[in-house]
Amino acid sequence: MSSPTHLRLASPNTRRRAPRVVVIGAGLGGLAVALRLQGEGFDVVVLEQRDAPGGRASQLRADGYTWDTGPSLITMPWVLEEAFAAGGLDLHSEVRMRRLDPLYRIRWASDDRHFDFHADAERLREQVARFSARDAANVDGFLAALRPIYEEGILGAGRRAFGDLRSFAPLLPRMARLGAVVPLHRFVARWFRHPRVREAFSFHSLFIGGDPFRVPAIYGALAYLQVLDGGWYCDGGVYSLVQAMARPLEVRSATRAVAIERSRDGVRGVRLADGSRIAADVVISNADVLRTHELLGVRRPWRRLRPTMSCFLLYLGLDRVQSSLLHHTLLVGPGYRSFIRDVTRGRRLPTSFSTYVHAPARTEPGMAPDGGDSLAVLLPVPNLRADVDWERAADTLREALVADLETRFGLEGLAGSVVVEHRMAPPDFAREFGAVDGNAFAVEPTLHQSAYFRAPNRVGPGVYHVGAGTHPGAGIPGVLLGAQVTASLVAQDVRR
């Protein structure tokens, strides 16, 4: 399926007509691969079924309040710099980037202490020491153990295509020797004893759809890269990146692709919902990888992959400031492990809540009116495979979640201060993004669904994937690295 193919096209630098590339979906991955290929001389058009580009990384605005609807913490900013430069753009001329310190705060319902995650290793040790002096002494060793996992597993493997098992197999023994294939929480527990410290260094995978108790420890590199490169915010939110990337591209919004038309040795074009078609030499899908077979007219997917859990999101505009919140705050409720099990494997809504809250007005006051606050509250929940009637459950869950934030975490007067509200639930992910089972983060990043075992970057002659569901994975750095991999495959195949 994903072996090298010959597209029988000349290089865009040596023929009169540049090869036409159609990208289905204007998420960050779709925009990044379009920028890269347009920068190499390809004729690129991006199709987006919604009214504006962005995909999950969209924006809501109402009555002076602004919310990013998707990813909000920027890490590995040099990956953004590379993606912009490949399209002839300078990141820092397009957007204003601000470094966050700390990156985020973790609070526990049953503990008066909090944990501020700093990129500076000495300050990070000080935070760990608030919970355990012994654990603080192990921070440097822990980071040193993660360094080769990051360098070889993220930077090395994350920028390579694994077209077959033979190309992937040599990586496994090395990752095993580094401890990168054991469950993440177990890897972290080798270095730290205190449960709060273990949680602080292992929760990251949850926000790309993975259970820290089951995903491989290679995802521990998510903590390492935050220490290495810090955490960032760009004025206007992540959607400012979307707007900057889309500006030099031909993006056709409100245009839904329904089929990829194939020829004997490649593709002929893309058929649209209105019956028209766009000719194409190459098609790259930034849609849900679990639906690619439908676009190709194939009855079943080649590889059965499990989607991630979903999310219940509240976008709240408040007439007061919740001063206990930082720009990014993680609020961990009781029964953390059972909560994760309920949302990733369960068939019912969790009975306790662990939430992430984004409050961008801490850094950019213009994201909310004077004296107000703009909060995005993210609660992981089971996807649509669970037995939940969302028509009935959404209101009840909303009330319980707001009450939990008030009583357990001290967000006093939250319910009474809401003047604007939007929400998103699993059925909205399915309807708005075509996400199978209403998943929020594409494909679950377990060992057997990572790297080669993920949806391939090259699907077949002339057809490719980009985005969270393909290699290397979800998150802003993941989809941008994946765009580099896919763009390289396209250029390589065209030049054969």
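A brief structural summary.

Basis of the calculations
- Residues numbered from 1 in each chain as written.
- Predicted model: local features only at pLDDT ≥ 70, side-chain atom pairs only at ≥ 80, totals over all residues.
- Heavy atoms only, no water.
- Salt bridge = Lys/Arg side-chain N within 4 Å of Asp/Glu carboxyl O.
- Axes fitted to C-alpha atoms, helices over the stretch in contact; angles between N-to-C directions.
- Helix = DSSP H or I, 4+ residues; strand = E, 2+ residues; numbered from the N terminus.
- Parallel < 35°, antiparallel > 145°, perpendicular 65-115°, else oblique.
- Left-handed = near helix turned anticlockwise from the far one by under 90°.
- Contact = heavy atoms within 4.5 Å.
- Nonpolar A, V, L, I, M, F, W, Y, C, P; charged D, E, K, R; others polar.
- Polar contact = N/O pair within 3.5 Å; in protein donor to acceptor, adjacent residues only side chain to side chain.
- Core = buried A, V, L, I, M, F, W, Y, C linked by side-chain atoms within 4.5 Å.
- Buried < 20%, exposed > 50% of the residue type's maximum accessible area, 1.4 Å probe, protein only.
- Phe/Tyr/Trp six-rings, centres within 6.5 Å; stacked < 30°, edge-to-face > 60°.
- Pairing = 2+ DSSP bridges.

As for the pattern of salt bridges
Per the counting criterion, the structure on display carries 36 salt bridges. For the salt bridge of Arg431 with Glu432, the shortest nitrogen-to-oxygen distance reads 4.0 Å.

Considering the packing of helix H1 (residues 28-39) against helix H18 (residues 476-495)
Direction vectors running N to C along H1 and H18 enclose 40°, while the axes themselves pass 8 Å from each other. With respect to H18, the axis of H1 lies oblique. Crossing hand, H1 versus H18: right-handed. Between H1 and H18, the contacting residues are Leu28, Gly29, Ala32, Val33, Arg36 and Leu37 on the first element and Ile476, Val479, Leu480, Ala483, Gln484, Thr486, Ala487 and Val490 on the second. Considering only residue class, the contact of H1 with H18 consists of 10 nonpolar, 3 polar and 1 charged.

Some words on the side chain of Thr329
Mapped onto the elements of the fold, Thr329 is located in strand E15 (residues 328-332). In terms of polar contacts, Thr329 uses its side chain to reach the backbone amide nitrogen of Leu326, at 3.0 Å. Ignoring any residue separated from it by four or fewer positions in sequence, one finds Thr329 in contact with Arg105, Arg107, Thr355, Tyr356 and Val357.

Brief notes about the nonpolar core
In terms of nonpolar packing, the biggest core is built from 149 residues, with Phe115, Phe201, Ile284 and Phe312 touching the most fellow members. Contact partners of Phe115, with chain neighbours within four places excluded, come to Tyr104, Arg105, Ile106, Trp108, Leu124, Gln127, Val128, Phe131, Ala200 and Phe201. Core analysis: the second largest hydrophobic core is formed by 16 residues, Ile260, Ile278, Val283 and Leu296 among them.

Points about the packing of aromatic side chains
Evaluation of the coordinates by the stated rule reveals 22 aromatic pairs. Ring centres 6.0 Å apart and planes at 80° place the aromatic pair Phe115 and Phe201 in the edge-to-face group. Of the two residues, Phe115 is situated in strand E7 (residues 114-117) and Phe201 in the loop between helix H10 (195-200) and helix H11 (221-229); the sequence distance between them amounts to 86 residues. As far as the burial class goes, Phe115 and Phe201 line up, both buried. Three or more aromatic residues joined by ring pairs form one cluster here, namely Tyr104, Trp108, Phe115, Phe117, Phe131, Phe142, Phe187, Phe192, Phe201, Phe203, Phe207 and Tyr356.

Notes on helix H12 (residues 239-246)
Of all 8 residues making up H12, 7 are buried, and the element is well covered by its neighbours. Inspection of H12 places Tyr239, Ser240, Leu241, Val242, Ala244, Met245 and Ala246 among the buried residues, and these make up the whole buried set.

Some points on the sheet that holds strand E18 (residues 418-424)
Within the open sheet, the 7 strands sit side by side as E7-E6-E15-E16-E17-E14-E18. Their pairing is mixed. The sheet terminates laterally at E7 and E18, the two strands that pair on one side only. Ignoring strand direction, the axes of neighbouring strands in this sheet form an average angle of 20°. Direction of pairing for strand E6 (residues 104-108) relative to E7: antiparallel, over a ladder of 4 bridges. Along E7, the bridge assignment pairs Tyr104 with Phe117.

Section: the environment of Leu316
Note on placement: Leu316 falls in strand E14 (residues 310-318). Given a relative accessible area of 0%, Leu316 falls into the buried group. Apart from the residues lying within four places of it in its own chain, the contact partners of Leu316 are Trp67, Asp373, Ser374, Leu375, Val377, Leu414, Val418, Val420 and Glu421.

Details of the sheet that holds strand E1 (residues 20-24)
With mixed pairing, the 6 strands of this open sheet are ordered in space as E9-E2-E1-E13-E20-E19. A single partner strand is all that each edge strand has here, and the edge strands are strand E9 (251-252) and strand E19 (458-460). Across the sheet, H18 touches strand E13 (282-285), E19 and strand E20 (463-465), and the angle it forms with E20 is around 165°.

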